[in-house]
Amino acid sequence: MANRIVVDPITRIEGHLRIEAEIKDGKIVDAFSSSTMVRGLENIVKGRDPRDVWAFVQRTCGVCTTVHAISSVRAVEDALGIAVPPNAEMVRNIMEGALYMHDHAVHFYHLHALDWVDVVNALSADPNETSKIAQSISNWPKSSPGYFSDIQKRIQKFVDSGQLGIFANGYWGHPQMKLPAAVNLLGVAHYLEALEWQKEIVKVHTILGGKNPHPNYLVGGMACAINENSTGGLNAERLAHVGKLLKEGKNFIEQVYIPDLLAIASFYKDWGGIGKGVGNYMSYGDFPVNGYGDPSNFKFPQGVILNRDLSKVHDVDHRNGDIEEFVNNSWYDNYKEGAETGRHPWEGETNINYSGPQPPYEHLDVEQKYSFVKTPRWKGQAMEVGPLARLLVGYGRGNKEIQDAVNGALKHLDVPVEALFSTLGRTAARGIESQLVANWTMEFYDQLLLNIKNGDTRMANMEMWDPAKWPAEAKGVGFTEAPRGGLAHWIKIKDGKTENYQQVVPTTWNASPRDPKGQRSPYESALLGTPVADPNLPLEIIRTVHSFDPCLACAVHLYDEHGNHISRVTNV
Ligand code: NFE
Ligand code: MG
């Protein structure tokens, strides 16, 4: 008989996620993913001025801050036929690149590392040994035995006080923790350093967008006026500061994040065979370098891979009916056409007044509706989105830069290409693309400076600003690759107002409940077959779920004080 365990809430993520898993003979035989937060942002923007919508929907999330604003302004620009000036494209790319560097490093160290790094075990490390390892894998200057010994003293203080603080909840001593003590100490030291560094990289947003989180955007371009010689706006000094922050960020990724990722992964190669998932991967593509109109110019290519077959990449179309959202298993009223039907987002609905069974409950009633996340499908198929999907699509498209980066990591770890389709693959892909994005962001920065030097200081195209010029009806789609995967917003405009608005978000693709055919989405699918050594300490579930970097605030678009109930908590 299978034993159903509940992990709720899953911590070290954004938002509220509940996983129920059925375990038989030490392995997961079925799994259900539920979000217990309710949405509402799509309804809040109805009737509002489309030029204001980015400011509302950007509040979907403060973690992947900026990507909802980009998607929104792109959707409106698409509807109204606006092309933004090259400088605005580069500023948007730089801001998104800075977000990737920030978000991925924070995920690795602060949200995911403690699934693999045993903080308490680091106390028994020999700092000389940690120093030797650190110096053998990187040129990062903080690597002396004294430095690591001081870190150890700091942790010892936490432990002696009985208050581990940020390290309080963890599976310390779990038999699945495989790192030598010296590597654990290295991981803990860099956890603390990454905390310091991440407060620096966000300054890129404060300079280019006024603040972080939720920097300023503008339909038609960006709001940061270039004036190299002025004391305000985007002057020479502030541009130089952006360049310095990006260089430091790239350095941190190259000298700390990547060496740590490879060192830690080399002890967990068995996770290259666990957490496989649905095997379908989708990327919308992003980082335009020659206008947003043509995805073949994007740094991240666009496409779909089915059944892990990298030899064929399918095209994505956001405008026809290929993408649909279902609500058959979600706490919303069914569409009037019935529970089996999906809706393309332009025709989508978010009916939060559903009156059927909802939380609280003992267990999810998975025969009925069991999540506030909707279920999106591409041509009826479940799609994994995120860093791994982006790299696989790029690989399949024959992108040399992406192929070299992926092959280099596989060679370093001495694992076969099949190891990519896994928990380890997802976590490695996030690091590999951080390096790629850091390099590209320097290119975007250089391009911006070159444009300015050549006398082009345009930052916005305001030709269509006046709603009197708009058609009576228009519709548009704006897509981006958010750190967690493909993100798109669809807008319908009527008489100058937002008539309908739908966001389909990366975590919606990955965390959704089943579709009408009973097909599992990526989280539910990836958990199948995962060994669980001790059902009371389900570290293995956390590893695979964390490898997707969940954000339920994005997936459901709003917190609600009634929705965040917790039942039968196994707190991890
Ligand atoms: Ni809130 Fe987000 C990203 C978006 S969601 S984190 O990245 O969009 O999956
Ligand atoms: Mg939505």
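Residues numbered from 1 in each chain as written. Chains lettered and ligands numbered in written order. Predicted model: local features only at pLDDT ≥ 70, side-chain atom pairs only at ≥ 80, totals over all residues. Heavy atoms only, no water.

Tallying secondary structure elements over the chain gives 16 helices and twelve strands in all. What you see for the chain is a C-alpha radius of gyration of 23 Å, in line with the 25 Å of a compact globule of 572 residues. Taking the principal axes of its C-alpha atoms as reference, the chain extends roughly 70 × 60 × 50 Å. The contacts of the chain with a sequence gap of at least 6 include a subset with a gap of at least 24, amounting to 77%. (Helix = DSSP H or I, 4+ residues; strand = E, 2+ residues; numbered from the N terminus. Rg over C-alpha atoms; globule rule 2.2 N^0.38 Å. Contact = heavy atoms within 4.5 Å.)

With that settled, the discussion passes to the layout of surface pockets. What the largest pocket holds in volume is close to 370 Å³. Forming the boundary of the largest pocket are 19 residues, of which Asp78, Tyr292, Gly293, Arg319 and Phe479 lie nearest the centre. Those elements that place two or more of their residues in the lining of the largest pocket are α3 (67-80), α4 (86-112) and β10 (473-482). For the lining of the largest pocket, the element with the highest residue contribution is α3, accounting for three residues. Taken together, the residues of the lining of the largest pocket break down into eight nonpolar, four polar and seven charged. (1 Å grid on protein atoms, 1.4 Å probe; cavity = no way out; pocket = protein on both sides within 12 Å on 5 of 7 lines; lining within 4 Å. Points joined across faces, edges and corners; volume = space filled by probe spheres on them. Nonpolar A, V, L, I, M, F, W, Y, C, P; charged D, E, K, R; others polar.)

The antiparallel open sheet is built from three strands, whose spatial order is β1-β2-β3. Looking at the sheet topology across the chains shown, the edges are occupied by β1 (3-7) and β3 (27-35). The mean inter-strand angle of the sheet, taken between neighbouring strand axes irrespective of direction, is 20 degrees. For β1 and strand β2 (residues 17-24), the ladder comprises five bridges, and the chain directions are antiparallel. Note that in β2 the partner of valine 6 across the bridge is glutamate 20. (Pairing = 2+ DSSP bridges. Axes fitted to C-alpha atoms, helices over the stretch in contact; angles between N-to-C directions.)

The subject of this paragraph is the coordination of the nickel atom of ligand 1. Each pair of donors in an ideal octahedron of six around a metal sits at 90 or 180 degrees, and each pair in an ideal tetrahedron of four sits at 109.5 degrees. Taken together, Cys61 (SG), Cys551 (SG) and Cys554 (SG) make up the protein donors of the nickel atom of ligand 1, found 2.2 to 2.4 Å from the metal. Taken together, the four donor atoms coordinating the nickel atom of ligand 1 and their angles of 103 to 129 degrees define a geometry best described as tetrahedral. Read from N- to C-terminus, the donor residues coordinating the nickel atom of ligand 1 fall into the pattern C-x489-C-x2-C. The distance between the nickel atom of ligand 1 and the iron atom of ligand 1 is 3.1 Å, with cysteine 554 acting as a donor to both metals. Taken together, the residues span a long stretch of sequence, with cysteine 61 in the loop between α2 (53-57) and α3 and cysteine 554 in helix α16 (residues 552-556) at a distance of 493 residues. (Donors = N, O, S within 2.8 Å, 3.2 Å for Na, K, Ca; no water. Tetrahedral: all angles 85-135°; square planar, octahedral: opposite > 155°, others 65-115°.)

Another aspect to go through is the nonpolar core. Ile94, Phe167, Val204 and Ile541 are the most contacted members of the largest nonpolar core, which totals 152 residues. Here this core gets 13 residues from one element, more than from any other, and that element is helix α9 (residues 236-265). Here valine 204 is in contact with Ile94, Ala98, Val242, Leu245 and Leu246, once residues within four sequence places are set aside. Core analysis: the second largest hydrophobic core is formed by 18 residues, Trp346, Val477, Trp490 and Val504 among them. (Core = buried A, V, L, I, M, F, W, Y, C linked by side-chain atoms within 4.5 Å. Buried < 20%, exposed > 50% of the residue type's maximum accessible area, 1.4 Å probe, protein only.)

This paragraph deals with unusual backbone geometry. Going from aspartate 8 to proline 9, the amide bond is cis rather than trans, its omega being 0 degrees. Among the secondary structure elements, proline 9 is positioned in the loop between β1 and β2. The omega angle of the peptide bond from asparagine 212 to proline 213 is -5 degrees, so this bond is cis rather than trans. With respect to the helices and strands, proline 213 occurs in the loop between α8 (203-209) and α9. Of note in the backbone geometry, aspartate 25 takes a positive phi value of approximately 50 degrees without being a glycine. Tracing the sequence through the fold places aspartate 25 in the loop between β2 and β3. By relative accessible area, aspartate 25 is classed as exposed at 77%. Even without glycine at this site, asparagine 307 takes up a positive phi of about 50 degrees.

Let us look at the site of ligand 1. With respect to spatial proximity, the complete set of residues near ligand 1 consists of Cys61, Cys64, His68, Ala482, Pro483, Arg484, Leu487, Val505, Pro506, Thr507, Cys551 and Cys554. A distance of 3.1 Å separates an oxygen atom of ligand 1 from a polar side-chain atom of histidine 68. (Near = heavy atom within 4 Å. Polar contact = N/O pair within 3.5 Å; in protein donor to acceptor, adjacent residues only side chain to side chain.)

This part covers the confidence of the model for the chain. Chain-level statistics for the chain give a pLDDT mean of 93 and a share of 96% at 70 or above. As a predicted assembly, this complex carries a pTM of 0.95 together with an ipTM value of 0.95. (pLDDT = per-residue confidence, 0-100.)

All of the protein donors around the iron atom of ligand 1 are Cys64 (SG) and Cys554 (SG); their distances to the metal are 2.5 to 2.8 Å. Viewed at the metal, the four donor atoms of the iron atom of ligand 1 are separated by angles of 72 to 156 degrees, and the geometry they form is irregular. For cysteine 554, a relative accessible area of 2% puts it in the buried group.

The subject of this paragraph is the packing of α4 against α9. Running from N to C, α4 and α9 cross one another at 35 degrees; their axes reach a closest spacing of 11 Å. Handedness of the crossing formed by α4 with α9: left-handed. Between α4 and α9, the residues in contact are Ile94, Ala98, Met101, His104, Ala105, Phe108 and Tyr109 and Val242, Leu246, Gly249, Lys250, Phe252, Ile253, Val256, Tyr257, Asp260, Leu261 and Ile264, respectively. (Left-handed = near helix turned anticlockwise from the far one by under 90°.)

Moving on, we come to the sheet that holds β10. Strands sit in the order β10-β11-β12 across an open sheet of three strands; the sheet is antiparallel. The strands lining the two open edges of the sheet, one partner per strand, are β10 and β12 (497-504). Pairs of neighbouring strands in the sheet enclose a mean axial angle of 15 degrees, with direction left out of account. Note that β10 and strand β11 (residues 485-494) share ten bridges and pair antiparallel. Residue pairing in the sheet places alanine 474 in a bridge with isoleucine 493 of β11.

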